[in-house]
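Each chain, written out:
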Amino acid sequence: MKIRLATLDDLETVYAICLRFHEESRFSRYPINPDKLRLTVTESIQAAKASCILLAETSGGGIAGMLAGFVTSPRFTDIRIAQDHGFYVLPEHRGSSAAMKLMIAFRRWAENRQAVELCINQNVDIDQARFNRFMHHLNFKCCGANFVLPLF
């Protein structure tokens, strides 16, 4: 399993992974705007200093998963933290090294941008217990919860 940064040549591949992510998540009840999603992916790839899309690539050249993230400063300080936009491993690759290698690569990417913290959120409602075990295994501390109240 190799981890690499997505390029504009990966736009359709990343878009397809995002569609699978969406289908499996609690957001599946919301319609996708294909143009907005492609623009968001394009902007993330082009803003390489502040954002990234990391891809886990199998030895056969297929994509097993992705981690999209960015660096930002909280409103009250100038320090930088790295946060994910989305962290997704395709179901057929769960249990492989993809998730671990994506997290290691995201940490390195964040450290290279002088981030002092990684913040990974799980608000998509995909296998939360397994995700929590994985994050605890990586020594992440749970520091809150996500609550949702559908309005329609």
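Relevant structure appears above.
Fair warning: this is a prediction, and the values are worked out from it, not measured in the lab. (Residues numbered from 1 in each chain as written. Predicted model: local features only at pLDDT ≥ 70, side-chain atom pairs only at ≥ 80, totals over all residues. Heavy atoms only, no water.)

S.K.: Lay out the sheet that holds strand 3 (residues 63–72) with the relevant residues and their values.
M.R.: Strand order in the open sheet formed by five strands is 1-2-3-4-5, and the pairing between neighbours is mixed. On the outer flanks of this sheet lie strand 1 (2–5) and strand 5 (115–119), each paired with one strand and no other. Averaged over all neighbouring strand pairs, the angle between strand axes comes to 25°, with direction disregarded. Note: strand 3 against strand 4 (residues 80–89), eight bridges, orientation antiparallel. Bridging from a neighbouring strand, T72 pairs with I81 of strand 4. (Pairing = 2+ DSSP bridges. Helix = DSSP H or I, 4+ residues; strand = E, 2+ residues; numbered from the N terminus. Axes fitted to C-alpha atoms, helices over the stretch in contact; angles between N-to-C directions.)

S.K.: Any chance you could break down the nonpolar core for me, citing the residues and the numbers?
M.R.: Ranked by size, the top nonpolar core spans 23 residues in total, and within it A82, F87, L102, M103, F106 and I120 carry the most contacts. Counting residues per element, the ones that place at least two in this core are strand 2 (51–57), strand 3, strand 4, helix 3 (98–111), strand 5 and helix 4 (128–137). Broken down by element, this core gets its largest block of residues, eight residues, from helix 3. Those residues within four positions of L102 in sequence are excluded, and the remaining contacts are I3, L54, L55, A56, G65, M66, L67, F87 and V89. (Core = buried A, V, L, I, M, F, W, Y, C linked by side-chain atoms within 4.5 Å. Buried < 20%, exposed > 50% of the residue type's maximum accessible area, 1.4 Å probe, protein only. Contact = heavy atoms within 4.5 Å.)

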